[in-house]
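What the coordinates show
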Amino acid sequence: MNASTLLASGGFVSPGSHDFVFKPLFGNNILFTKPVFQAILAAILVAVFFLISSRKAAVVPSRTQFFGESVYSFVKKDLGEDIIGHEFMKFVPFLFSLFTFIIVNNIFGIVPFMQFPTMSRFGFPVALMIFTYVIYHYVGIRKHGLGKYLKDIAFVPGVPKWIYVILTPLEIATYFIIRPFTLAIRLFANMFAGHLLLLVFIMGGDYMLHNSMVLKIMSPLSFGFGIGLTFFEFFIECLQAYIFTLLTALYIAGAIADEH
Amino acid sequence: MSSKDEGAMFTIIAYLLAGLLLWGGVGMFLDHLLGLHFLVVIGFLVGLVSAMYLIYLRFIRQ
Amino acid sequence: MTGTMAIVGFGLSTIGPGIATGLVFAAYINGVARQPEARGILQPLAFLGFALAEALALLGLVLAFVLK
């Protein structure tokens, strides 16, 4: 992370989970660290940008309005209408804020001077996952009633009775534990691994640059990989925001579908 | 590949993981309780087969 | 260096399923592109192949944590 300590210690300190721990920004208040600041900043950025882009809505759109509207219509059509079906409109605000919030937070991973994807701290994806979890079970229960909703989840039709002993715990575990957690872990692990990968190449290149002649010649290769992987990370960051929102929409669609 | 297919893929992974963790965990717990060593393997196999059967029931049998 | 060889084993065990999943979906996309009406027949087969391949990868993941 900083070259001076690297040089002082002599050996190469490989990046690890210690690079994801931040000191509190003000005093000893552990609630306010860099990731928290980034999350708040992302919320403000998203809100301000879409307020500006929609405030002076005109028939001939300005550039900001066009951009805002194309993001909105992408979420509304591709993630709402195509997946959830005719009741999609009441979920669009949630999906839209989820998508824009995650994508801004992820892109902070490659913005200069921030360079830390907020979602690589596990708490943030878990918080978003809890929103998704509560919403899709709530709409499912309200649509079908508690008994029928649980019966649809737990009992697959058309198998002998004794097999339910094995299958029902599996269904319950999948719907209530594994699926929400894989949702959070997928976002977290992609951001964590991506940030770690960038750290390895940039810090490795930095270390080689301050070392013997042979390593000095090799170091541009490492920096080149770092730059290439930064573009790759940009792609992954957009893709993971899309996938998180897509899976949220799919879970909601599955919860309010007429039969599973 | 529509979005529904992607959802099915992620659900398949979730089923397999749930089967392995749940029944493997039960096997591990019984191993711990009874002082045996092989029940965890049986748990994994049961979990894998039951998850496969569930995937067959949910996605393959139309 | 510290760590367990189990994680290396997990890394090795993902190579095969990775290639297999790629092959399964490549064949599925090819089939649907050539004959879109065959989708209903091909889709369950693709899911079956995907599930069988993915089971090995997840087995590797779980065993890496169990066989420390």
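Predicted model only: the values in this text are computed from it and were never measured. (Residues numbered from 1 in each chain as written. Chains lettered and ligands numbered in written order. Predicted model: local features only at pLDDT ≥ 70, side-chain atom pairs only at ≥ 80, totals over all residues. Heavy atoms only, no water.)

1. Remarks on the overall build of chain A
What counts here: Counting from the N terminus, the helices are the DSSP runs of H or I reaching at least four residues and the strands are the DSSP runs of E reaching at least two. Radius of gyration: C-alpha atoms only; globule rule: 2.2 Å multiplied by the number of residues to the exponent 0.38. Residue exposure (1.4 Å probe, protein chains only): buried if accessible area is under 20% of the type maximum, exposed if over 50%, otherwise partly exposed. In this analysis, two residues are considered to be in contact whenever any of their non-hydrogen atoms come within 4.5 Å of each other. Residue burial considers only the protein chains on display, and all accessible areas are found by Shrake-Rupley using a 1.4 Å probe. This count recognises Lys and Arg as positive and Asp and Glu as negative, with His and chain-terminal groups excluded. The atoms used to mark charge sites are NZ of Lys, CZ of Arg, CG of Asp and CD of Glu.
Assigned secondary structure in chain A consists of 8 helices and 0 strands. Counting from the amino terminus, chain A carries its helices and strands in the arrangement α-α-α-α-α-α-α-α. Relative to the 2.2 N^0.38 estimate, which gives 18 Å for 260 residues, the radius of gyration of chain A is 23 Å and therefore markedly larger than a compact globule would have. With the C-alpha coordinates aligned to their principal axes, the bounding extent of chain A is approximately 70 × 60 × 40 Å. Burial statistics for chain A: of 260 residues in total, 42% are counted as buried. Of all intrachain contacts in chain A linking residues separated by at least 6 positions in sequence, the fraction that spans at least 24 positions is 69%. With an accessible surface of roughly 14000 Å², chain A has 74% of that area assigned to carbon and sulfur atoms. If the 17 positive side-chain charges of chain A are averaged to one point and the 13 negative ones to another, these points end up 6 Å apart.

2. Quick notes on the interface of chain B and chain C
Threshold: Salt bridges are defined by distance alone: a side-chain nitrogen of Lys or Arg within 4 Å of a carboxyl oxygen of Asp or Glu. In protein, a polar contact means a hydrogen-donor-capable atom and an acceptor-capable atom, both N or O and within 3.5 Å, with residues adjacent in sequence counting only if both atoms are side-chain atoms; elsewhere, any N or O pair within 3.5 Å suffices. Charged means Asp, Glu, Lys or Arg here, nonpolar means Ala, Val, Leu, Ile, Met, Phe, Trp, Tyr, Cys or Pro, and polar covers whatever is left, Gly included.
Opposite the 20 residues of chain B that make contact, chain C presents 19 residues. Taken together, chain B and chain C are joined by 0 salt bridges. Linking chain B with chain C are 0 residue pairs in polar contact (both at pLDDT 80 or more), by the criterion used here. Residue composition of the side of chain B that touches chain C, by class: 17 nonpolar, 2 polar and 1 charged.

3. Thoughts on the pattern of salt bridges
In this structure the tally under the stated criterion is 5 salt bridges over all chains. Put simply, A:Glu87 and A:Lys143 hold a salt bridge, and the shortest N to O gap is 3.7 Å. Residue A:Glu87 is located in the loop between α3 (63-84) and α4 (92-107), and its partner A:Lys143 is located in helix α5 (residues 123-144); the two are separated by 56 residues in the primary sequence. Assessed through its relative accessible area of 38%, A:Lys143 is described here as partly exposed. Note that A:Glu171 and B:Arg58 form a salt bridge whose closest N and O atoms lie 2.6 Å from each other. Residue A:Glu171 is located in helix α7 (residues 164-209), and its partner B:Arg58 is located in helix α2 (residues 39-60); the two belong to separate chains. The pair formed by A:Glu171 and B:Arg58 is uniform in burial state, with each residue classed as buried. Via salt bridges that share partners, A:Glu87, A:Lys90 and A:Lys143 belong to a single interconnected network.

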